[in-house]
Amino acid sequence: MPRGTPSLRTTALSKTAARPSTNENHLLITAYTTHPQSPLLAVTRRITDSGCNLVDTRLATVGRDVSVTALVTGSWDAVAKLETMLAKLEREEGLKLVWYRTGPKPLQSNLLPYIVEVVAADKPGILFQLADFFDQQGITIESLHCSRYRAMQTGADMFSAQLTIGVPADMHIAVLRDDFLEFCDHLNLDAIMDPMKY
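Residues numbered from 1 in each chain as written. Predicted model: local features only at pLDDT ≥ 70, side-chain atom pairs only at ≥ 80, totals over all residues. Heavy atoms only, no water.

Engineer: Summarise the sheet that holds strand β4 (residues 96-102); cite the residues concerned and give the values.
Structural biologist: Taken together, four strands build an open sheet; the order of strands is β2-β3-β1-β4 and the sheet is antiparallel. Of all strands in the sheet, those with a lone pairing partner are β2 (53-62) and β4, marking the two edges. The mean angle between the axes of side-by-side strands here comes to 10°, regardless of whether they run parallel or antiparallel. As paired elements, strand β1 (residues 25-34) and strand β3 (residues 65-74) share ten bridges and run antiparallel to each other. Its bridge partner being in β3, Leu-28 is matched across the sheet by Leu-71. Most of the contacts of helix α3 (residues 76-93) go to β4, to which it runs at about 165°, and overall it touches β1, β3 and β4. (Pairing = 2+ DSSP bridges. Helix = DSSP H or I, 4+ residues; strand = E, 2+ residues; numbered from the N terminus. Axes fitted to C-alpha atoms, helices over the stretch in contact; angles between N-to-C directions. Contact = heavy atoms within 4.5 Å.)

Have a look at this one:
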């Protein structure tokens, strides 16, 4: 049967069932390369050429490497075409790529977005302890950026983290904030927790 010609079965199904959304297929892509090169242009070009669309994209330089993470939607054919393009891109241009089919993020209207900022003298385990605190409270970490740097004035090694967390709407914010600040005082961390403002 020629490509693009609907089969009798497909035609019959289309009369009895609603057609799925053309953009219901999701692909999560992560690409890496070494600074100063960036995978952004190469990956977004293939996404555009395949007929897919970007839902969310993040670019970060960590150490000597640059990473791009992109969530893409498109029809089944467009996503399959993009997967073929990514395999060719990985072979021909030497990018490190990981991709797989996924789905949309479920809406979580019961979560309130809060921003947490932490600064402290650097020591091993700070990020683990922060993640463990929020995990024990049943709070999700939605995004995170942390780094180690040397203070300009003193030369001391410092730790800095910015987190976006999802606080359950039924959680008592004042109690959470008190518990968090007590936790930070115990570890000698300077921290704030504020609602995200749009």
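Engineer: If you had to explain α3 to someone new, which residues and values would you point to?
Structural biologist: Working note: α-helix, 3.6 residues per turn, so residues spaced by three or four point in the same direction. Spanning 18 residues, α3 covers 25 Å between terminal C-alpha atoms, matching the ideal 26 Å at 1.5 Å per step. Along α3, the residues that are buried comprise Ala-78, Val-79, Leu-82, Leu-86 and Leu-89. Buried positions in α3, seen along its axis, are confined to an arc of 90° and lie on one side of it. Facing away from the buried side of α3 by more than 90 degrees, the exposed set consists of Trp-76, Thr-84, Arg-91 and Glu-92. Buried residues along α3 sit in contact with β1, α2 (40-50), β3 and β4. Gly-94 occupies a position one or two residues after α3 and carries a positive phi of about 75°. (Expected span 1.5 Å × (residues − 1). Buried < 20%, exposed > 50% of the residue type's maximum accessible area, 1.4 Å probe, protein only. Arc of directions from axis to C-beta.)

Engineer: Which residues make up helix α5 (residues 173-187), and what values go with them?
Structural biologist: In this model, α5 (15 residues) spans 21 Å end to end at C-alpha, consistent with the 21 Å of a helix rising 1.5 Å per residue. Taken together, the buried positions of α5 are occupied by Ile-173, Leu-176, Phe-180, Phe-183, Cys-184 and Leu-187. Mapping the buried residues of α5 onto a view down its axis gives an arc of 95°, with all of them on the same face. Residues of α5 that are exposed and point more than 90 degrees away from the buried face comprise Asp-178, Glu-182, Asp-185 and His-186. Against β5 (111-121), α4 (126-136), β7 (157-168) and β8 (190-195) lie the buried residues of α5. Looking one or two residues beyond α5, the residue adopting positive phi is Asn-188, at roughly 60°.

Engineer: Can you explain the pattern of salt bridges? Please cite residues and give values.
Structural biologist: Enumeration over the complete set of coordinates arrives at seven salt bridges. As a salt-bridge pair, Arg-58 and Asp-56 come within 2.8 Å of each other at their nearest N and O atoms. Look at Arg-58 and you get partly exposed, because its relative accessible area is 47%. Notably, a salt bridge pairs Glu-83 with Arg-101, separated by 3.0 Å at the nearest N-O pair. In this pair, Glu-83 sits in helix α3 while Arg-101 sits in strand β4, placing the two residues 18 residues apart along the sequence. Among the charged side chains, a network of salt bridges with common partners joins Asp-122, Arg-148, Arg-150 and Asp-157. (Salt bridge = Lys/Arg side-chain N within 4 Å of Asp/Glu carboxyl O.)

Engineer: Describe the environment of Gly-51, naming the residues involved and giving the relevant values.
Structural biologist: Structurally, Gly-51 can be placed in the loop between α2 and β2. The class for Gly-51 is exposed, based on a relative accessible area of 56%. Sequence separation between Gly-51 and Ser-75 is 24 residues, and the spatial gap between their C-alpha atoms is 8.4 Å.

Engineer: Explain the packing of aromatic side chains residue by residue, including any values.
Structural biologist: By convention here, two paired aromatic rings are described through the distance between centres and the angle between planes. By the definition in use, this model includes five aromatic pairs. An aromatic cluster is present here, built from Phe-133, Phe-134, Phe-180 and Phe-183 joined pairwise through their rings. (Phe/Tyr/Trp six-rings, centres within 6.5 Å; stacked < 30°, edge-to-face > 60°.)

Engineer: How would you summarise the packing of α4 against α5 if you had to cite specific residues and measurements?
Structural biologist: In the contact formed by α4 and α5, the axes pass within 12 Å of each other and the chain directions differ by 155°. It follows from the interaxial angle that α4 and α5 lie roughly antiparallel. Pair α4 / α5 crosses with right-handed handedness. Along the contact surface, α4 presents Gln-129, Leu-130, Phe-133 and Phe-134, while α5 presents Leu-176, Asp-179, Phe-180, Phe-183 and Leu-187. Partitioning the contact of α4 with α5 into residue classes produces seven nonpolar, one polar and one charged. (Parallel < 35°, antiparallel > 145°, perpendicular 65-115°, else oblique. Left-handed = near helix turned anticlockwise from the far one by under 90°. Nonpolar A, V, L, I, M, F, W, Y, C, P; charged D, E, K, R; others polar.)

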